[in-house]
Amino acid sequence: MRSYADQTDQQLIGAAQKGDRQAFTALVNRYEQTVYRFSFKMCRDPEKAKENLQDTFINVYRKLGSFDGKSKFSTWLYTIVTNNCLMKQRRRKIQELEDPLEMYDDPPEQDGRLKRAPVARWEETPADLLLTKELRSALNRAISKLPVDYRVVFILRDVEGKSTDETAKILKLSVEAAKSRLRRARAFLRDQLHPYLVMHEKATK
Amino acid sequence: MNCRQAYRFICDNLDEKITSARCRGIRKHIACCPRCQAYLDSVKKTVRLYRTAPGPKLSRMVHRDLMKALNVEMVQPLKPTSKSACRNSR
């Protein structure tokens, strides 16, 4: 018999649904890092990420009997972890920005020319720059300011690499709504990081 | 074609290959507009920064606490929900 680690998600789910706890544990081992990282990216706090990790897999265990295999297990898992994150974030009322980011739908413009867009180019960002404390702080500050409904779309689509369709499905949004939030989130984050990266470029010259 | 249309295209379709005539027009505009090029470049870099920023690694302690929490939960046998119970009884 194949070891649990060699079995497909579908095989493990089937066995777990019949009461095989080791199969369920193998599923947990396979996805715990993904869930933990995603939770951390959403809430930016290791304790909250740990709490969310536990709540997510407890929910997965409780709901596994109803998983019918029509969607990918990972999509179903992301739906559960995302719901957990969103519920907790809304409960804590940590949204720093109350207003939706409608202003990011269009660039402020004059005669068809972008006003907000910089003429100055951003510096190249080599991998070691990512390790600097300042840049990590800037990235953290910017994404923490992004309202959670936008943050989740950005993280699923741009950080986790889900397609726009899958992102919309996980969040039960229309594709158009997901695209709209993604557009605003990208523009917001880009504007938040702009002063930092332009200043950094000047400082290194 | 102007910067406004290009702005929407940049943000909607970053890294997605779109080959319609409209999108070809927008790409042509971007190729000739330094402001739009700079903007596209900065949006791409924003995405890349977040995508490549290292995430935390799950520690042994976090794994152990997760397994403890699940062991308590798994004392209860996994039951089908009413929905799947109905399906199975057909």
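Just so we're clear, the structure is a prediction, and the values are computed from it rather than from any experiment.

Across its full length, chain B carries five helices and zero strands. Out of the 90 residues in chain B, the part that is buried amounts to 19%.

Take the overall build of chain A next. What chain A contains, in helices and strands, is nine helices and two strands. Ordering the α and β elements of chain A from the N terminus gives α-α-α-α-β-β-α-α-α-α-α. Residues counted as buried form 35% of the 205 residues belonging to chain A. Considering only residue pairs separated by 6 or more positions, chain A has 63% of its internal contacts joining residues 24 or more positions apart.

What follows covers the confidence of the model for chain A. Confidence along chain A averages 83 in pLDDT terms, with 76% of residues attaining 70 or more. When the criterion is pLDDT under 50, residues 95-99 of chain A qualifies, and its contacts beyond four places in sequence or with other chains add up to six contacts.

Here the focus is the packing of helix H3 (residues 46-63) of chain A against helix H4 (residues 60-73) of chain B. Packing of H3 of chain A against H4 of chain B leaves a shortest axis separation of 10 Å and a crossing angle of 35 degrees. Here H3 of chain A and H4 of chain B pass one another in a crossing that is right-handed. Here Lys50, Leu53, Gln54, Phe57, Ile58 and Tyr61 of chain A of H3 of chain A lie close against H4 of chain B, whose contacting residues are Val62, Asp65, Leu66, Ala69, Leu70 and Glu73 of chain B. Looking at the contact of H3 of chain A with H4 of chain B residue by residue, the classes come out as eight nonpolar, one polar and three charged.

Time to look at the environment of Gln22 of chain A. Here Gln22 of chain A lies in helix H2 (residues 21-43). The class of Gln22 of chain A is exposed, set by 11 C-beta atoms lying within 10 Å.

Residues and elements named next belong to chain A. Its domain assignment divides chain A into domain 1 (4-92) and domain 2 (102-204). The dominant element in the side of domain 1 that touches domain 2, judged by the number of residues it contributes, is helix H4 (residues 73-92), at seven residues. Looking at side-chain class alone, the side of domain 1 that touches domain 2 contains five nonpolar, four polar and two charged residues.

What follows covers unusual backbone geometry. Residue and element names in this part refer to chain A. In the Ramachandran plot, Arg44 falls in the positive-phi region, its phi being about 60 degrees despite a non-glycine side chain. We note that Lys172 has phi near 55 degrees; this positive angle belongs to a residue other than glycine. Along the polypeptide, Lys172 turns up in the loop between helix H8 (164-171) and helix H9 (175-204).

Turning our eyes to something else, we now look at H2 of chain A. Note: α-helices contain 3.6 residues per turn, so residues at a spacing of three or four share the same orientation. The sharpest bend along H2 of chain A reaches about 50 degrees and sits at Tyr31 of chain A. One or two positions beyond H2 of chain A, positive phi appears at Arg44 of chain A, with a value near 60 degrees.

What follows covers the nonpolar core. All names here are of chain A. Of all hydrophobic cores here, the largest spans 47 residues; its most connected members are Val152, Val153 and Ala185. In terms of residue count, the dominant contributor to this core is H2 (10 residues). Residue-level mapping places this core at the junction of two domains, with at least three residues from each of domain 1 (4-92) and domain 2 (102-204). Once residues lying within four places of it in the same chain are set aside, the contact partners of Val152 are Met42, Thr82, Cys85, Leu86 and Leu171.

All names here are of chain A. Where H2 contacts H3, the two axes come as close as 8 Å, and the packing angle between them is 140 degrees. Considering their axes alone, H2 and H3 lie oblique with respect to each other. In the crossing of H2 with H3, the sense of the turn from one axis to the other is right-handed. Contacts from Phe24, Val28, Glu32, Val35, Tyr36, Ser39, Phe40 and Cys43 of H2 reach H3 at Pro46, Lys48, Ala49, Asn52, Leu53, Thr56, Phe57 and Tyr61. Of the residues that constitute the contact of H2 with H3, the class distribution is 11 nonpolar, three polar and two charged.

Rules used in this analysis
- Within each chain, residue numbers correspond to sequence positions counted from 1 in written order.
- Throughout, the order in which chains and ligands are written sets their labels, letters from A for the former and numbers from 1 for the latter.
- Owing to the predicted nature of the model, reporting of local features is limited to residues with pLDDT of at least 70; listing and counting of side-chain atom pairs is limited to 80 or more, with chain, interface and lining totals taken over all residues.
- Only runs of H or I of at least four residues qualify as helices and only runs of E of at least two qualify as strands under DSSP, and these elements are numbered from the N terminus.
- Any residue whose C-beta has 12 or fewer other C-beta atoms within 10 Å is treated as exposed, any with 20 or more as buried, and any in between as partly exposed, C-beta atoms being built from the backbone.
- Two residues form a contact once the distance between their C-beta atoms, set from the backbone, is within 7 Å.
- Values of pLDDT, the confidence the predictor places in each residue, fall between 0 and 100.
- Between N-to-C directions, angles cover 0 to 180 degrees, with each direction set by a line fitted to C-alpha atoms, over the stretch in contact for helices.
- Note: crossing handedness is left-handed where the near helix turns anticlockwise from the far helix by less than a right angle, and right-handed where it turns clockwise.
- When residues are sorted by character, Ala, Val, Leu, Ile, Met, Phe, Trp, Tyr, Cys and Pro go into the nonpolar class, Asp, Glu, Lys and Arg into the charged class, and all the rest, Gly among them, into the polar class.
- Those domain boundaries reflect an automatic or database domain assignment.
- Fitting axes to the seven residues ending at a residue and to the seven starting there, one defines the bend at that residue as the angle between these axes.
- Think of a nonpolar core as buried Ala, Val, Leu, Ile, Met, Phe, Trp, Tyr and Cys residues, each tied to the set through C-beta atoms within 7 Å.
- Under this scheme an angle from 65 to 115 degrees is roughly perpendicular, one under 35 degrees roughly parallel, and one over 145 degrees roughly antiparallel; angles in between are oblique.

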